[in-house]
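Examining the three-dimensional arrangement
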Amino acid sequence: MTNLAIAAHGLRKSYGDKTVLDGVDLAVPEGTVFSLLGPNGAGKTTAVKILSTLIGADAGDLRVAGHDLATAPQAVRAAIGVTGQFSAVDGLITGEENMLLMADLHHLSRREGRRVAAGLLERFGLTEAAKKPASTYSGGMKRRLDIAMTLVGDPRIIFLDEPTTGLDPRSRHNMWQIIRELVTGGVTVFLTTQYLEEADELADRIAVLNDGKIAAEGTAEELKRLVPGGHVRLRFTDPAAYRSAASALREAARDDESLTLRIPGDGSQRELRSLLARLDSAGIEADELTVHTPDLDDVFFALTGSDTAPDHQPKETVR
Amino acid sequence: MSSLSLAVRDSSTMLRRNLLHARRYPSLTLNLLLTPVMLLLLFVYVFGDVMSAGMGGAGRSQYVAYVVPGILLMTIGSTVIGAAVSVATDMSEGIIARFRTMAIHRSSVLIGHVIGSVLQSIAGVVLVGAVAVAIGFRSTDATVLEWLAAFGLLVLFALALTWIAVGMGMASPNAEAASNSAMPLILLPLISSAFTPIDAMPGWFQPIAQYQPFTPAIETLRGLLLGSGIGNNGWLAVAWSVGLAALGYFWSTSKFRDDQK
């Protein structure tokens, strides 16, 4: 097993009689992307604040970069970079001055600081805006500057608290690209998000946080297998073919209106082969065959109680 | 890096940041200088003859000499309001959270604010002092040593009021509240010996004017610049300043730690 960048055992935090984190265990191996997923108010930001030394935990054995959070917070701070949910740039000074401020606080020499600042501004497409006050930047530019500032000290572990909330789709995809590049460089990323798609795209492992507890943890694929809802869908245009297929596949759920059959299953290769064999032996050819596996939305709603679900239609996934 | 050199290095970085703010947005500081300059001109040119007659003096020019030390200390009281406002603004920004997650000296943010504000106060005193000289204020009898002592007193007093103002800024939820709670710092000189001698005030009011930090500081500065008697006021001024600085320091730093919940 590789070394853990972040290890939490029994993390608890409450404000007054409101329990925000109720015994959370986390294990994030070095060089991976870990995503904490959860609805608003689940305690994601509190977890990030605790792990990034901003606030103290009530209980729990917490180690970040091998250092104990309770006894060596300054050593933890030296290893991490944090981009919070709210913009952490100094709006009164320019983008470049923000970067040089970070370089000074990381005790880089003047020359090294200028080199690092210029390099990161270039990498994040901010060279042109470098001399303008950060308060005049757009939301996406502020986020990019925010991340660029976080990277000045070359942190080995980066916390990103909802890095794409409020960004337009293009900026969001840019951010994803940035995060992927970070991981290529061996950085560990701890990401919170309320976008399932984002966790699915980026994370090696995902934990679903609900009501202060980890409701489920695993890879996106593992999580998807946790919930029912997988099926194969056969669509026909010829009513006669539809009827003969329906009689050959007794277990299928029929939809006579659209001439489609739903055969429950996990979408595995073996199951598909046997289904296709049965269709072949009955001489049936469907006009369209799609495999639906449950996506993270299904998992999310199943684990966090679907009454809070936004209007979101589960997607069909063609494999 | 030792913790002392870390503190010095990070605090000077934070100081540079604050001076950059002040240079980029000088209007806050300049606006705060308007009050003492306006009061100086008002009391000299509008009320000057009456005031000096009431004090049994020989006219306006003598009143200029009387009022300038108070105005200079009021300038400090006024400019440190800027520190309260900028600290409160800063604390409401995400950048402070970033500083807290970095391996830097914990109090460097506050120390940067304090030193920046003291420097701005002294710059303000120099500007207002230049106006005073332009309208006839002279301190020709003072020795070099008295000048140095006067400068030292101004710096010490600025340090004291700045730490108090930073505490007020830390305790305020936003810039507006900070500016309101720091108001007494510019109102206190009005009820001190800045404009009239204490024994010319109604009896019931005299203790209010007597037992507050501005009066001993004003009397001391007056003595140093103009050769009037200082008496106990020198020690009182130093004691007030050190006490207020210590109080403001502990208040501010404990507020800064408290926010980490």
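So, how was this worked out
- Residues numbered from 1 in each chain as written.
- Chains lettered and ligands numbered in written order.
- Predicted model: local features only at pLDDT ≥ 70, side-chain atom pairs only at ≥ 80, totals over all residues.
- Contact = placed C-beta atoms within 7 Å.
- Helix = DSSP H or I, 4+ residues; strand = E, 2+ residues; numbered from the N terminus.
- Nonpolar A, V, L, I, M, F, W, Y, C, P; charged D, E, K, R; others polar.
- Pairing = 2+ DSSP bridges.
- Axes fitted to C-alpha atoms, helices over the stretch in contact; angles between N-to-C directions.
- Parallel < 35°, antiparallel > 145°, perpendicular 65-115°, else oblique.
- Left-handed = near helix turned anticlockwise from the far one by under 90°.

**Looking at the interface of chain B and chain A**
On the side of chain A, 23 residues touch chain B, which itself brings 20 residues to the contact. Of all the elements in the fold, those that place two or more residues in the side of chain B that touches chain A are α1 (3–24) and α5 (94–100) of chain B. In terms of residue count, α1 of chain B provides more of the side of chain B that touches chain A than any other element does, seven residues in total. Of the residues that constitute the side of chain B that touches chain A, the class distribution is eight nonpolar, five polar and seven charged.

**Regarding the sheet that holds strand β13 (residues 260–264) of chain A**
Residues and elements named next belong to chain A. Read from one edge of the open sheet, four strands run β12-β13-β11-β14, paired in antiparallel fashion. Whereas interior strands pair on both sides, the edge strands pair on one side only; in this sheet they are β12 (253–255) and β14 (288–292). Looking at each pair of strands side by side, their axes are set apart by 20 degrees on average, direction ignored. Bridge count between β12 and β13: three bridges; the pairing is antiparallel. Each bridged residue has a counterpart across the sheet, and for Arg 254 the counterpart in β13 is Leu 261.

**A closer look at the packing of helix α3 (residues 95–105) of chain A against α1 of chain B**
Between α3 of chain A and α1 of chain B, the shortest axis-to-axis distance is 9 Å and the interhelical angle comes to 165 degrees. As far as their axial angle goes, α1 of chain B and α3 of chain A are roughly antiparallel. Every pair of crossing elements has a handedness; the one defined by α3 of chain A and α1 of chain B is right-handed. Together, Glu 97, Leu 101, Asp 104 and Leu 105 of chain A of α3 of chain A and Asp 10, Thr 13, Arg 17 and Leu 20 of chain B of α1 of chain B make up the contact between the two elements.

**Describing the sheet that holds strand β4 (residues 59–64) of chain A**
All names here are of chain A. The antiparallel open sheet is built from four strands, whose spatial order is β2-β1-β4-β5. Only two strands of the sheet have a single neighbouring strand rather than two, namely β2 (18–29) and β5 (67–68). Taken together, the nine bridges between strand β1 (residues 4–15) and β2 define a ladder with antiparallel strand orientation. Opposite Leu 11, over in β2, you have Val 24 as the bridge partner.

Shape descriptors only; they carry no functional weight alone.
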